[in-house]
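Survey of secondary and tertiary structure
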Amino acid sequence: MPSVRTGTPYPPWRDPRETTRLLRYALHRQGFTHTYQSNGDEMSATSVLTDLTVWCENGLFVWNEEDREASHPAGDPAGAARLISRHYRKTDVR
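Reference entry: report on the structure contained in this document. (Residues numbered from 1 in each chain as written. Predicted model: local features only at pLDDT ≥ 70, side-chain atom pairs only at ≥ 80, totals over all residues. Heavy atoms only, no water.)

Strand order in the open sheet formed by five strands is β1-β2-β3-β4-β5, and the pairing between neighbours is antiparallel. Two strands in the sheet have a free side with no partner beyond their single neighbour: β1 (36–40) and β5 (68–73). If you compare each strand with its neighbour and ignore which way they point, the axes differ by 20 degrees on average. Set on the sheet, helix α1 (residues 16–29) makes contact with β1, β2 (43–49), β3 (52–57) and β4 (60–65); between it and β2 the angle comes to about 20 degrees. (Pairing = 2+ DSSP bridges. Helix = DSSP H or I, 4+ residues; strand = E, 2+ residues; numbered from the N terminus. Axes fitted to C-alpha atoms, helices over the stretch in contact; angles between N-to-C directions. Contact = heavy atoms within 4.5 Å.)

Written as structure tokens, this is what we have:
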């Protein structure tokens, strides 16, 4: 269970910035070590590969796989990282 910083208005999985940070850590463990995070009002995004950006908004991670939208609950960043890794390792995009 991730720790909640003092003064955090809600749990990390409800804060897109914190949730995206946890996704980046999980992606790093899957071998995606060059990620970039950008934060805005009530949303956050991480650039994983040149053709892969994962958005976190409204409690979901959302990204495109082969011209269709994929999503996963933001409360499970490790699960989202596994799904992303399975798809992008399979197609050898790195």
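Membership of the largest hydrophobic core comes to 17 residues, with the highest contact counts inside it found for Leu52, Val54 and Phe61. With four residues, helix α2 (residues 77–90) is the largest single contributor of residues to this core. The contacts of valine 54, once residues within four sequence positions are left out, are Leu23, Ser44, Ala45, Thr46, Val48, Phe61, Val62, Trp63 and Ile84. (Core = buried A, V, L, I, M, F, W, Y, C linked by side-chain atoms within 4.5 Å. Buried < 20%, exposed > 50% of the residue type's maximum accessible area, 1.4 Å probe, protein only.)

Under the criterion given, the structure shown has two salt bridges. Here arginine 17 makes a salt bridge to aspartate 15, at a shortest N to O gap of 3.2 Å. Since its relative accessible area comes to 44%, arginine 17 is described here as partly exposed. Across the salt bridge formed by arginine 21 and glutamate 18, the nearest N and O atoms sit 2.2 Å from each other. Here arginine 21 and its partner glutamate 18 are both found in helix α1, three residues apart, which amounts to about one turn of the helix. A relative accessible area of 7% places glutamate 18 in the buried class. (Salt bridge = Lys/Arg side-chain N within 4 Å of Asp/Glu carboxyl O.)

For glutamate 42, which is not glycine, the phi dihedral falls at a positive 60 degrees. Considering the arrangement of structural elements, one finds glutamate 42 in the loop between β1 and β2. What makes glutamate 42 exposed here is its relative accessible area of 68%. Despite not being glycine, asparagine 58 has its phi angle at roughly 55 degrees, a positive value. Summarising the element assignment, asparagine 58 is placed in the loop between β3 and β4.

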